[in-house]
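Observations on chain architecture
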Amino acid sequence: MLFSSITFIYYFLPITLLVYFLLPKVLKNVWLLIASIIFYSWGEPVYVFLMLFSSIFNYSMARDMDRERRKGINPKMTFMFTVVVNLFILGFFKYYGFLMDTINGILGTSIHYTALALPIGISFYTFQALSYIIDVYWGNVRVQTSPIKFCLYLALFPQLIAGPIVKYKDIDEQLDNRQLNVEKFGHGSIRFILGLSKKVILANNLGLIYDLINQLPDNKISILTYWIGIFAYTLQIYFDFSGYSDMAIGIGKMLGFEFMENFNYPYLSKSITEFWRRWHISLSTWFKEYLYIPLGGNKVAPIRHILNILVVWSLTGLWHGASWNFVAWGLYYGILLILEKYVYGRLIDRAPNFVRHIYTLLIVMIGWVLFSSENLSTALSYIGIMFGVGKYPLMNFTTMYFLKTNLLLLIIGGFVATKKPIEYFNILCERKRGLGIFLLLLFFVISTAYLVFSTYNPFLYFRF
Amino acid sequence: MIKKGFFVVILIVFLLLIYSNGDAKDVSMKDIDKYLKANTEIEQLVKAKNRDLMQFIGLNYEDFNSHLYYRNVEALSVEELLIIKVNSIKQLATLKNAVEKRVEDQISTFEGYGPNQVALLEDAIIKTKGNYLFFCVSKSADKYEEVFLNVI
């Protein structure tokens, strides 16, 4: 089920919240688990069993590790087994087709295989399960003895299918005790509406620009049009994914949970290093805690450090998708981070702020070409045109058409990606609460109207 | 150890079931069309144009390998049959959600004055197999589905 759908907003969420608040505390977790299973099975009636298997399996293995440790046995074997099974499930659904395509491509064979549809959210909930198993193994968290609470941790519907990737240690206490009050509910509702508006009003419309530009016939392509296209996508993916995270965090607040922030105005960054501290924070911190630091982090010789960065970023790319362009996208950032660390980082630090902003945005936009393209050759062709490769003019009538029809949307998008609008909104809510509520209702009504009349627009991160 | 073995067996059985159920032959849309015409009364519906896929389902036909789209063009009819062969399995999730949205939209359109249409929509069949998506709203939806599954 989509957050940005009439069924979710007008049926599922109100009913879930109403029953949740009416039930006594002891039954709240049970109800949330039931609601989460209904939510997931709405779109994945078969794969819900896989998600439940993952929950029961990881719960059970963690308890086994705990028992072994108490008996004085090293739980390493159980830990390794659990990690391998988790990675096998993820690999089977996500990378099997990619592996077979690669083998067929390299060997020139045509081995028949059935590539299976990717279960929604598998990358997110598998990483959550792994964070729990690793933390139990390291002794960072107590083992969860209630199967209901553990299954709820993995299946909790606000963050189940597109994050934020909630680490068990961050939510352990909240599974038992969480604060529910009107103020928190109100903040959650505001966050949800703002996230919905980002997705429905901004991301979907910006996405149309990029889609149209990508489908232009050869005689209508120009260099500037392609820059407009990738700028629109740059804004689209931010509003799409951060909008989803806002909705997830907002629903979490309504239910009394506090999830970690997933975005911190990434396009205000002044370096790539800073960008990755602000973009998809829950994934970056996951890789940092469970892979980069165990590999030695930066407390090793430079060569080993460079290798660590490349390993982490190749896997970050692969996490996003089973395709070479995602590997290239990951390595692209890995190499840039190495360059910032060892080659020109100090030079950037000394440059004027506007130069640093432009440098970061340019690199990020080129990165999004790799990310959004069907394959590597399409991406390279797009990048080539952006930099004048081929016979394409700097601009043409199509460029003017896109500018005339979308300039306002692009400017609004660019402005909303900064901190200012939310700061103004908060000031407005403090001084003129009525006007603030009116604006929120207006956003909500416009978003609903878009949902009723527009075609289907899934979240970009659902495919991961 | 027995518990670990039990989990592995459950997982393997589940994956085998999913895998065998998801397998499909590589059949051209032309052949599927031929079988449907020979074994069902599909010709009572009208074959839709490429751009109708965008107009009614919100999907660009150029994004997929091939498709077959039949509709009943009467204003008060909700009958339609759509089969899409995708280029990449990754497209199936998006497609599935798009047709679910189509069903939701149609239900909200006919709710209140078209109980027969709503009943048909509520029984819509949405199925994915291999590289194909099958979507059908019709009194004969089961028959269409049976023929489609036999072909692939």
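Located above this text is the structure these notes cover.
Residues numbered from 1 in each chain as written. Chains lettered and ligands numbered in written order. Predicted model: local features only at pLDDT ≥ 70, side-chain atom pairs only at ≥ 80, totals over all residues. Heavy atoms only, no water.

Section: the overall build of chain A
Counting its regular elements, chain A contains 21 helices and 0 strands. In terms of overall dimensions, chain A is globule-like: its C-alpha atoms have a radius of gyration of 23 Å, near the 23 Å expected for 464 residues. With respect to the three principal axes, the spread of C-alpha positions in chain A is 70 × 60 × 50 Å. When burial is assessed residue by residue, chain A has 58% of its 464 residues classed as buried. A fraction of 76% describes how many contacts in chain A between residues 6 or more apart in sequence connect residues 24 or more apart. Split by element, the accessible area of chain A, about 20,500 Å² in all, is 68% carbon and sulfur. Taking the 38 positively charged and 24 negatively charged side chains of chain A as two groups, their mean positions are separated by 4 Å. (Helix = DSSP H or I, 4+ residues; strand = E, 2+ residues; numbered from the N terminus. Rg over C-alpha atoms; globule rule 2.2 N^0.38 Å. Buried < 20%, exposed > 50% of the residue type's maximum accessible area, 1.4 Å probe, protein only. Contact = heavy atoms within 4.5 Å. Areas by Shrake-Rupley, 256 points an atom, 1.4 Å probe, with all protein chains shown as cover. Lys, Arg positive; Asp, Glu negative; His and termini not counted. Charge placed at Lys NZ, Arg CZ, Asp CG, Glu CD.)

A closer look at the interface of chain B and chain A
With 26 residues of chain B in contact, the opposing surface of chain A contributes 40 residues. Across the chain B to chain A interface the summed buried area is about 2,800 Å²; carbon plus sulfur atoms make up 65%. Of all residues in chain B, Lys4, Phe7 and Tyr19 of chain B give up the largest surface area on contact with chain A, accounting jointly for 22% of the area buried on that side. Counting the contacts that link chain B with chain A gives 1 salt bridge. Between Lys3 of chain B and Asp64 of chain A there is a salt bridge, and its shortest N-O distance comes to 2.9 Å. Our enumeration of links across chain B and chain A arrives at 6 residue pairs in polar contact (both at pLDDT 80 or more). A total of 11 residues in the side of chain B that touches chain A trace back to one element, the largest contributor, which is helix H1 (residues 2-22) of chain B. (Buried area = accessible area lost by both parts, 1.4 Å probe. Salt bridge = Lys/Arg side-chain N within 4 Å of Asp/Glu carboxyl O. Polar contact = N/O pair within 3.5 Å; in protein donor to acceptor, adjacent residues only side chain to side chain.)

Some points on the sheet that holds strand E2 (residues 66-71) of chain B
Residue and element names in this part refer to chain B. Overall, antiparallel pairing links the 5 strands, which are arranged E1-E2-E3-E5-E4 in an open sheet. Two strands bound the open sheet, and with one partner strand each, they are strand E1 (46-47) and strand E4 (125-129). Judged from the 6 bridges that link them, strand E3 (residues 80-85) and strand E5 (residues 132-137) form a sheet pairing that is antiparallel. In the strand pairing of E5, Leu82 is matched with Phe135. (Pairing = 2+ DSSP bridges.)

Overview of a nonpolar patch on the surface
Residue and element names in this part refer to chain A. Side chains of Val26, Leu27, Val30, Ile34, Ile38, Trp42 and Ile148 sit close together on the surface and give an oily, nonpolar patch of about 610 Å² of accessible area. It is helix H2 (residues 25-43) that provides the largest number of residues to the nonpolar patch, a total of 6 residues. Looking at the secondary structure, you find Ile148 in helix H7 (residues 147-155). Owing to a relative accessible area of 33%, Ile148 belongs among the partly exposed residues under this scheme. (Patch = residues over 30% accessible without salt bridge, like charges linked within 9 Å, V, L, I, M, F, W, Y side chains within 5 Å.)

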